[in-house]
Amino acid sequence: MFIELKNIIKTFGQGDSKTTAVNNVSFNIDQGEVVVLLGPSGSGKTTLLNIIGGIEIADSGSIKVADHQVDKMTDKNAVEYRREHLGYIFQSYNLIPNLTVRENIEIGAYLAKKPLNIDELIDDLGLTKHANKLPMYLSGGQQQRTAIGRAVAKNPDLLLCDEPTGALDSQTSKEILVLLEKVNKKYGTTILMVTHNELISQMASRVIRLKDGEIVLDQPNENIVAAEALELWETHFIRELKGSLYQILGNTWLSLYFSSLYVA
Ligand SMILES: Nc1ncnc2c1ncn2[C@@H]1O[C@H](COP(=O)(O)OP(=O)(O)OP(=O)(O)O)[C@@H](O)[C@H]1O
Ligand SMILES: [Mg+2]
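I will try to describe carefully the structure that is included in this document.

Reading guide: rules and limits
- Residues numbered from 1 in each chain as written.
- Chains lettered and ligands numbered in written order.
- Predicted model: local features only at pLDDT ≥ 70, side-chain atom pairs only at ≥ 80, totals over all residues.
- Pairing = 2+ DSSP bridges.
- Helix = DSSP H or I, 4+ residues; strand = E, 2+ residues; numbered from the N terminus.
- Core = buried A, V, L, I, M, F, W, Y, C linked by C-beta atoms within 7 Å.
- Buried ≥ 20, exposed ≤ 12 C-beta atoms within 10 Å, placed from the backbone.
- Domains from an automatic or database assignment.
- Near = placed C-beta within 6 Å.
- Nonpolar A, V, L, I, M, F, W, Y, C, P; charged D, E, K, R; others polar.
- Axes fitted to C-alpha atoms, helices over the stretch in contact; angles between N-to-C directions.
- Contact = placed C-beta atoms within 7 Å.
- Parallel < 35°, antiparallel > 145°, perpendicular 65-115°, else oblique.
- Left-handed = near helix turned anticlockwise from the far one by under 90°.

In the sheet, strand β1 (residues 3–12) pairs with strand β2 (residues 19–29) via 8 bridges, with the strands oriented antiparallel. Within β2, the position partnered with Ile9 by the bridge is Asn23. The hairpin turn running from β1 into β2, its antiparallel successor, is 6 residues long, and Gly13 in that turn takes a positive phi close to 75°.

Laid out in structure tokens, this is it:
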């Protein structure tokens, strides 16, 4: 087992303002899997990702990634663990503004034990033409591709992605997902991807669904759809439809209905 989470609990605040962000979560992920973590806003997805990434410390429970007992690590060990094993892709690209695309990607490989060939990676990312540009001159999709490059340059064993397509249109989202699929296939990178988008779960080998910090579903996907074949336009369509219905009806049962479908 590559990732092993047992009874993870994480609360924030105290007294009346106490929130249980992650409530007794356990699951296992094998090496090379693409796991999609779904759930409505506030269900604990980012908190869980941060706990696995050693950024946030759980109140209780155990977490093992490769040979590392993440819940018992010192700060120094946590830094080494992240450097050696993890790539992290954020929704807001977090690129360094005064470094070029190439330099942003090179930073990811800094101090790595087995970095990828940067030229080949930039080519795979479709960024060869943009390698010497600063992030401010890139589109959202190009910025996210640079961020993926930075995260995978060290050739991590595990790629944690928090809403990697959250800020992108459906066509650009698909390009990003095709790229993540390529990273998984080419380098065997295990991917744990958080999303609101139900349709993205079709490309996963396993789908985990969270609600109020608890797992409500953990299921292998028998019919994996290639990222290229995902029909993400549907989200667009549903979004448009929702917008129109809200304008006409504008009441809360509608939002409850849509959130129950996980398309909110
Ligand atoms: N640092 C914090 N301090 C206090 N509460 C927090 C903190 N981080 C998260 N929370 C709370 O924990 C719960 C889970 O938050 P989390 O960010 O993990 O949700 P999420 O599923 O990632 O949501 P979204 O889809 O909106 O990103 C929320 O109720 C949130 O308000
Ligand atoms: Mg989040």
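After that view, the rundown keeps rolling.
Let us now look at the nonpolar core. In terms of nonpolar packing, the biggest core is built from 59 residues, with Val35, Leu37, Ile52, Leu159 and Leu192 touching the most fellow members. The residues that make up this core include at least three from each of domain 1 (3–224) and domain 2 (227–264).

A few words on the site of ligand 1. Around ligand 1 lies a shell formed by Phe12, Gly13, Thr19, Ala21, Gly39, Ser41, Gly42, Ser43, Gly44, Lys45, Thr46 and Thr47. For the shell around ligand 1, the secondary-structure elements that each account for two or more residues are β2 and α1 (45–52). For the shell around ligand 1, the leading source of residues is α1, giving 3 residues. Class assignment of the residues belonging to the shell around ligand 1 gives a composition of 2 nonpolar, 9 polar and 1 charged.

On to the sheet that holds strand β9 (residues 206–211), then. Overall, mixed pairing links the 6 strands, which are arranged β6-β7-β8-β3-β9-β10 in an open sheet. Each edge of the open sheet carries a strand with a single partner, namely β6 (86–89) and β10 (214–220). For this sheet, the mean inter-axis angle between neighbouring strands, taken without regard to orientation, is 15°. The pairing of strand β3 (residues 34–38) with strand β8 (residues 190–195) spans 5 bridges and is classified as parallel. Within β8, the residue paired with Leu37 across the bridge is Val194. Set on the sheet, helix α5 (residues 140–152) makes contact with β6 and β7 (158–162); between it and β6 the angle comes to about 165°.

This brings us to unusual backbone geometry. Negative phi characterises most residues that are not glycine, and trans characterises most peptide bonds. Even without being a glycine, Asn24 presents a positive backbone phi close to 60°. Mapped onto the fold, Asn24 is located in strand β2. The phi dihedral of Glu163 falls on the positive side, at around 50°, and the residue is not glycine. With 20 C-beta atoms packed within 10 Å, Glu163 lands in the buried category.

Across the sheet, 4 strands lie side by side as β2-β1-β4-β5; this open sheet has antiparallel pairing. Only two strands of the sheet have a single neighbouring strand rather than two, namely β2 and β5 (68–69). Pairing of β1 with strand β4 (residues 60–65), which is carried by 5 bridges, proceeds in the antiparallel orientation. Counted as the bridge partner of Leu5 is Ile63 from β4. On the sheet, α1 packs against β1, β2 and β4 and is oriented at approximately 55° with respect to β2.

This part covers the packing of α5 against helix α6 (residues 170–187). Here α5 crosses α6 at 15°, and the two axes come no closer than 10 Å. In terms of their interaxial angle, α5 and α6 are classed as roughly parallel. Crossing of α5 against α6: the hand is right-handed. Packed against α5, whose contacting residues are Gly140, Gly141, Gln144, Arg145, Ile148 and Val152, the element α6 presents Thr172, Glu175, Ile176, Leu179, Leu180 and Val183 at the interface. Split into classes, the residues belonging to the contact of α5 with α6 amount to 6 nonpolar, 4 polar and 2 charged.

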